[in-house]
Amino acid sequence: MSHESLVPPSHLYMSPLYAIPIDKRPPKSWSRTIDAFLFFVLFNAGCILINASQFVFLLPLRILPFRWSRKLYYAGIRYTKGAFGCLMILMSQWFAPTKLLVTFETEGMGRFTQEDIDRFIIKDNNGNNIRLNLPTKFVLVANHQVYADWWYAWCFTYFMSPQAVHRYVYITLKKSLRWVPIVGWGMQFFNFIFLARSWASDRQQLARDLASLGREAEREGRPFCFILYPKVPWSARTLGRKVRNTQRKWADMKHILLPRSTGLHYSLRSLSPRVPDLQLLDITVAYPGIPPMGYGQSYYTLRSLFFDGVAPPAIHMHLRMFDVKNGVPIGNLVGTSSAGTPDPKAKHIVEVDIPSDEKKVFDVWLRKLWQEKDEGMDKFFERDNFNSNGTPMSPIEIPLRLRRKREILDAFCFFWPASVAYLWGRLRG
């Protein structure tokens, strides 16, 4: 192979780095290497401090047999979960700066009326958009392109309401990650749901865990966010052949993969009886630089974002919202109890034993939604606008940075040791 064949075409150097496939980008500089090392040190230090706070300050409270200690324990867990959310935003702010551009669907499924939009956007005295105030009990789904999707989705919950929704996030993880040092331990404290990725064994556990979490959130009147991404194969070969061949049975999509509906259907059926005002928040995410039919992981990975410092200039998030009880065909839930959780010994569990006709109706509804999302991506690539009619809506621009400087300390759980040291000093006189 000649030396010339290893040199990327000259036109690639004229493109912004984020629009160039990772394997064709020029090597990073020494200064960038130093930044990558700093990211590695600071992010891991933050994770260790958060997990250490959980073990040192919170676990003893969990062991004590008092109601007040349990209450303090769960408040502390919410604080550490919020600390991890702040840590992710801070790492983006320092090492991969970008912004979120949020728009609302106004035409198709899950559309917002102008009254809805006015209600969900907080303005200052000059009429400028300053904050979102979206509903705080919801299941979040989105098209899944890159591993960083979950990172940016969690970051978005920090900005979506004054009620600190980023402290109330739940996700599912592979059971094999449960005992990974630091990260796995921390996720157990966060009360995340660990699954074996086999619905034969997972469906009852998922129903029980979600029913319990939803019931507690409703009883205590606090936010609830369950982030669920479709389970899709990630290899480029599978993306290009197997999945798309399967999708031709419905409609060939250019930009997104149709999600498997089973997990979402189980989740909504488990939560809806316990959370009467539950919403389904659907986000269509678009990253600049990824071409139509492109493979997202060829342009954005966690390594390229934070070690190489090549972040998207903006992340476009187009929102749809559905009232689950009245707007999503999840089926007949007669026999469920809002006050209880599914009994694993029961022969029939309503939440997960779904009649085939009800499952088919939900599948068709979800395919239609994903088809609209794919068409919206077409519009976005054509005119930078997800809606086709009328004047394009100006996006809500949200810089991905912490709102208050003191939250830098929160990101490293500084206030736990500081508070303990202060109390110890007061006790000693």
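Residues numbered from 1 in each chain as written. Predicted model: local features only at pLDDT ≥ 70, side-chain atom pairs only at ≥ 80, totals over all residues. Heavy atoms only, no water.

## Side note on helix α10 (residues 262–271)
Side chains of residues three or four places apart in an α-helix project in the same direction, reflecting 3.6 residues per turn. Convention followed: The buried label goes to any residue with under 20% of its type's maximum accessible area, the exposed label to any with over 50%, and the partly exposed label to all in between, with areas taken from a 1.4 Å probe on protein chains only. Per the convention used, a helix needs a DSSP run of H or I reaching at least four residues, while a strand needs a run of E reaching at least two, with both numbered from the N terminus. Throughout, a residue-residue contact means that at least one pair of heavy atoms, one from each residue, lies within 4.5 Å.
Across the ten residues of α10, ten count as buried, placing the element largely inside the fold. On its buried face, α10 sits against β4 (137–142), α7 (199–220), β7 (224–227), β8 (279–286), α12 (324–327) and α13 (356–383).

## Side note on the nonpolar core
Nonpolar side chains in soluble globular proteins generally cluster together in the buried interior. Under the convention used in this document: We define a nonpolar core as any set of buried Ala, Val, Leu, Ile, Met, Phe, Trp, Tyr and Cys residues linked to one another through side-chain atoms lying within 4.5 Å.
Membership of the largest hydrophobic core comes to 112 residues, with the highest contact counts inside it found for F84, F156, L268 and L280. Here this core gets ten residues from one element, more than from any other, and that element is helix α3 (residues 67–95). Setting aside residues up to four positions removed in sequence, F84 forms contacts with F43, C47, I50, W150, W154, M187 and F190. Ranked by size, the runner-up nonpolar core spans five residues in total, among them L58, Y73, I77 and F189.

## A short note on the pairing of strand β10 (residues 396–399)
Applied cut-off: Here, strands pair whenever DSSP counts at least two bridges between them.
What you see with β10 is a clean split: I396 and I398 sit on the buried side and E397 and P399 on the side with no burial. Two strands pair when backbone bridges link them, and strand β1 (residues 99–104) and β10 are joined in this way by four bridges, in the antiparallel orientation. Counterpart to L100 in the pairing with β10 is I398.

## Re unusual backbone geometry
We note that A164 has phi near 55°; this positive angle belongs to a residue other than glycine. A relative accessible area of 22% means that A164 is categorised as partly exposed.

## Section: the UniProt feature "transmembrane region" (unreviewed entry) in the chain
For clarity, the cut-off: UniProt positions are given in the numbering used here, feature names are shortened, and annotations may be inferred rather than shown by experiment.
Per the UniProt entry, the sites bearing "transmembrane region" (unreviewed entry) are residues 36–59 and 79–96 in this numbering. Taken end to end, residues 36–59 is 100% helix and 0% strand, and its first and last C-alpha atoms sit 33 Å apart. As annotated, residues 79–96 comprises 94% helix and 0% strand, and the C-alpha atoms at either end are separated by 24 Å.

## Focus: the confidence of the model for the chain
Going by this rule: For every residue, the pLDDT score states the predictor's confidence, bounded by 0 at the bottom and 100 at the top.
Taken as a whole, the chain shows an average pLDDT of 86; of its residues, 86% reach a score of 70 or greater. Predicted confidence for residues 1–7 stays below pLDDT 50, and this span has one contact to residues more than four positions away or in other chains. Below pLDDT 50 for its whole length, residues 233–250 participates in 29 contacts with residues either more than four positions away or in separate chains.

## Let's talk about the layout of surface pockets
To keep it simple, the criterion reads: Here a cavity denotes a set of grid points, spaced 1 Å apart and computed over the protein atoms alone, in which a 1.4 Å probe fits but from which it cannot get out, and a pocket denotes an open set meeting protein on both sides within 12 Å along at least five of seven lines; residues with an atom within 4 Å of a point are reported as lining. Grid points are joined across faces, edges and corners, and a volume is the space filled by probe spheres set on the points. For this classification, the nonpolar set comprises Ala, Val, Leu, Ile, Met, Phe, Trp, Tyr, Cys and Pro, the charged set comprises Asp, Glu, Lys and Arg, and every other residue, Gly included, is treated as polar.
A volume near 550 Å³ is recorded for the second largest pocket. The set of elements that each furnish at least two residues to the lining of the second largest pocket consists of α3, α6 (183–189) and α7. It is α3 that contributes the most residues to the lining of the second largest pocket, eight residues altogether. Per-class residue counts for the lining of the second largest pocket are seven nonpolar, two polar and eleven charged.

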